[in-house]
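# Analysis of the macromolecular model
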Amino acid sequence: MKSFSVLKKTGLYSFMSNTSWIVFESIIRAIVGLTVGVFIARYLGPENLGKLSYSSAIVGMFGVLAGLGMDSNIVRDLVKEKDRVGEKIGTTFFLKLSGSLIAVVCCISSVFILRSNDVTVVSITIILAMSMFFLPFDVVSLYFQSIVKSKYTVLAKSFSCVLSAILRIILIFNDAPLISFAWVGLAEAMLSAVALTYFFLLKRNQVGFSWTYKFETAKKILAEGWPLLLSTAGAALYMRADLVMLGQLSSNHSVGIYTAMLRISEIWYFLPAAFISSLQPFLVRAREISRDLYIFRLRVLYEFMILLSVSVSIFISLFSDYLVQIVYGHQYQEAALVLRTHTWATIAVFLGVASSQYLVIENLQKISFYRTAIGLLANIVMNALFIPIWGAFGAAFATVISFYIATFSLILFESSRGQCFIIIRSILPLNIINFIRGAKNDANF
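To keep things clear, this report deals only with the structure shown in the data block.

Reading the values: the criteria
Residues numbered from 1 in each chain as written. Predicted model: local features only at pLDDT ≥ 70, side-chain atom pairs only at ≥ 80, totals over all residues. Heavy atoms only, no water. Phe/Tyr/Trp six-rings, centres within 6.5 Å; stacked < 30°, edge-to-face > 60°. Helix = DSSP H or I, 4+ residues; strand = E, 2+ residues; numbered from the N terminus. Buried < 20%, exposed > 50% of the residue type's maximum accessible area, 1.4 Å probe, protein only. Contact = heavy atoms within 4.5 Å. Salt bridge = Lys/Arg side-chain N within 4 Å of Asp/Glu carboxyl O.

## What about the packing of aromatic side chains?
What the rule picks out here adds up to 11 aromatic pairs. Plain terms: the ring middles of Tyr-43 and Phe-181 are 6.1 Å apart, the flat faces sit at 50° to each other, and that makes the pair tilted. One end of the pair, Tyr-43, is in helix H2 (residues 12-67); the other, Phe-181, is in helix H8 (residues 179-202), and 138 residues separate them in sequence. Residue class for Tyr-43 comes out partly exposed when judged on its relative accessible area of 27%. Assessed through its relative accessible area of 3%, Phe-181 is described here as buried. On the basis of an interplanar angle of 90° and a centroid distance of 6.3 Å, the ring pair of Trp-390 and Phe-397 is categorised as edge-to-face. Look at Phe-397 and you get partly exposed, because its relative accessible area is 31%. In textbook terms, an aromatic cluster arises when at least three aromatic residues are bridged by ring pairs, as seen for Phe-386, Trp-390, Phe-393 and Phe-397.

In structure tokens form, the structure reads like this:
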């Protein structure tokens, strides 16, 4: 009981509680996504799965425009400026809605340019693109995140995730056509928006503010956030450029094989985001309290990310053949080698997500943009070289190398070089006991 009261007093309890909700939602989404994704992959086969994935990749590349890619900045401002919450959220909603319109136009234009002769791919892309009109409602989740009450976001998104998964299973058992799965994707986005709105209205009396739009605030958000927006857009491009380039330089079959591999390799990517989304407010406060405490928490974060990601990569490397055979069956067996290669990008991804928080807190978003641009350029060049030779394996190899180039390009910039050295030194094992002791001794944790 005493330990519990200490946790509540120090603020560690709220962090742990919020993180547990986020991890819970991420685990549910990962399990449901992988399970239903496996059924869909087996049902559609590599060729049709490749078509669906190609369309999803195009939408994913431009989806960042709908989300603005500035969520970390918005959460930071909501934590610091509690008297302007309604203005910040209302203005962000309008900006996201404007971004959604631009994103939809970009998606439709791109698919007509790249695949105008494939009616199925064009139709799927248009339907999935419409889902971006519901993304502005995610501003509600940013507010809940800023007050460390992410459980409402978890409940809303879990509801839409589970219900849409049930719909997809129904489609499979009824031998539905490929395009039906795109309609379910649109329905999932709508259900998530409705659920988030419901929880916001339910808590409206506790919130005590109204959404307002202010032009000056919009200019400030864009002025501060455009480097991060460009960085996030670049990240979305090089996270999915391999799929689009595979579809253009290889075949739908290769895209299907690569997609099946990604479902296993990337299932772990929710972990850094889950921890960091709750940790960000505490990092901001630590910086205001003590530089040493701030650096300590960043170092602990990097050490934990390395420990976690290396464990994942070793596990996947050892059991890739068995995992692919058990999960997808013989028709996807060639994905094992691709998976064994791609999983080693996990380390760079985890460290990249963690170090991006430092860049946001220090207002070094320009560096985020530069390192993403470096990674994107490396990814495109290497994909162009290796995909025609090795197909899906070439795309995986190019992706792994480009992720490491992007993450450790921090060393190229004077203001972030120190952080890069901290990341490199963080290869040492994490001392969990010291982390907990440090948290208990810090009344503002």
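## Details of the environment of Gly-185
Considering the arrangement of structural elements, one finds Gly-185 in helix H8. Taking the C-alpha atoms as reference, Gly-185 lies 9.9 Å from Ile-124; in sequence the two are 61 residues apart. Non-local contacts of Gly-185, meaning those with residues more than four positions away in its chain, are made with Leu-128, Ser-131 and Arg-168.

## Some remarks on the pattern of salt bridges
Scanning the model with the defined rule gives 10 salt bridges in all. Linking Arg-115 and Asp-118 is a salt bridge whose minimum nitrogen-to-oxygen distance equals 3.7 Å. The same class applies to Arg-115 as to Asp-118, namely buried. Between Arg-287 and Glu-362 there is a salt bridge, and its shortest N-O distance comes to 2.7 Å. Within this pair, whereas Arg-287 is found in helix H12 (residues 270-289), its partner Glu-362 is found in the loop between helix H15 (346-361) and helix H16 (365-390), the two being separated by 75 residues in sequence. You can call Glu-362 buried: its relative accessible area is 16%. Sharing partners across several salt bridges, the network here consists of Arg-29, Arg-168 and Glu-188.

## Some details on the side chain of Glu-87
Residue placement: Glu-87 occurs in helix H4 (residues 85-115). On the basis of relative accessible area, Glu-87 is assigned to the buried category, the value being 15%. Among all residues touching Glu-87, those that are not within four sequence positions of it are Thr-212, Lys-214 and Thr-217.

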